[in-house]
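What follows is each chain in one-letter form.
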Amino acid sequence: MTQKEYAKLVKAHRLRGERTIAACKAVLVGRLTAAAAARKIRIAEPTISQALARLRRPLCPTCGQPLRKK
């Protein structure tokens, strides 16, 4: 994933938290594992896992908003 694609996902999913955003970027753009990103950014691994789950939700092709879980 590119940095531009990542920035679009963060904006669409309204992800907050500077360290959470940095850790997710390390995983999705930098190709680190969640555990390695947690150690590097000094954030709890479950926080990263929850944020990654949000970012993996598909976006509506029409409006670009995240789709709800079924």
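Below: a short report on this structure. (Residues numbered from 1 in each chain as written. Predicted model: local features only at pLDDT ≥ 70, side-chain atom pairs only at ≥ 80, totals over all residues. Heavy atoms only, no water.)

**Comments concerning the overall build of the protein chain**
Phase 1: Scanning the protein chain from terminus to terminus reveals 4 helices and 0 strands.
Phase 2: The order of α-helices and β-strands along the protein chain, N terminus first, is α-α-α-α.
Phase 3: Relative to its length of 70 residues, the protein chain is compact, with a C-alpha radius of gyration of 12 Å against a globular reference of 11 Å.
Phase 4: Judged by the C-alpha coordinates and their principal axes, the protein chain covers about 40 × 25 × 20 Å.
Phase 5: The buried share among the 70 residues of the protein chain stands at 31%.
Phase 6: For the protein chain, the share of sequence-separated contacts (at least 6 apart) that also reach a separation of at least 24 residues comes to 45%.
Phase 7: Accessible area for the protein chain stands at about 5,200 Å²; split by element, carbon and sulfur atoms hold 53% of it. (Helix = DSSP H or I, 4+ residues; strand = E, 2+ residues; numbered from the N terminus. Rg over C-alpha atoms; globule rule 2.2 N^0.38 Å. Buried < 20%, exposed > 50% of the residue type's maximum accessible area, 1.4 Å probe, protein only. Contact = heavy atoms within 4.5 Å. Areas by Shrake-Rupley, 256 points an atom, 1.4 Å probe, with all protein chains shown as cover.)

**Describing the environment of Ala51**
Phase 1: Looking at where Ala51 falls in the secondary structure, it is placed in helix 4 (residues 45–56).
Phase 2: Residues Ala51 and Ala37, spaced 14 residues apart in sequence, show a C-alpha to C-alpha distance of 13 Å.

**A word on the environment of Val29**
Phase 1: Along the chain, the position of Val29 falls in the loop between helix 2 (18–28) and helix 3 (34–41).
Phase 2: Taking the C-alpha atoms as reference, Val29 lies 16 Å from Leu15; in sequence the two are 14 residues apart.
Phase 3: Filtering out sequence-adjacent residues up to four positions away, Val29 remains in contact with Met1, Thr2, Gln3, Tyr6 and Cys24.

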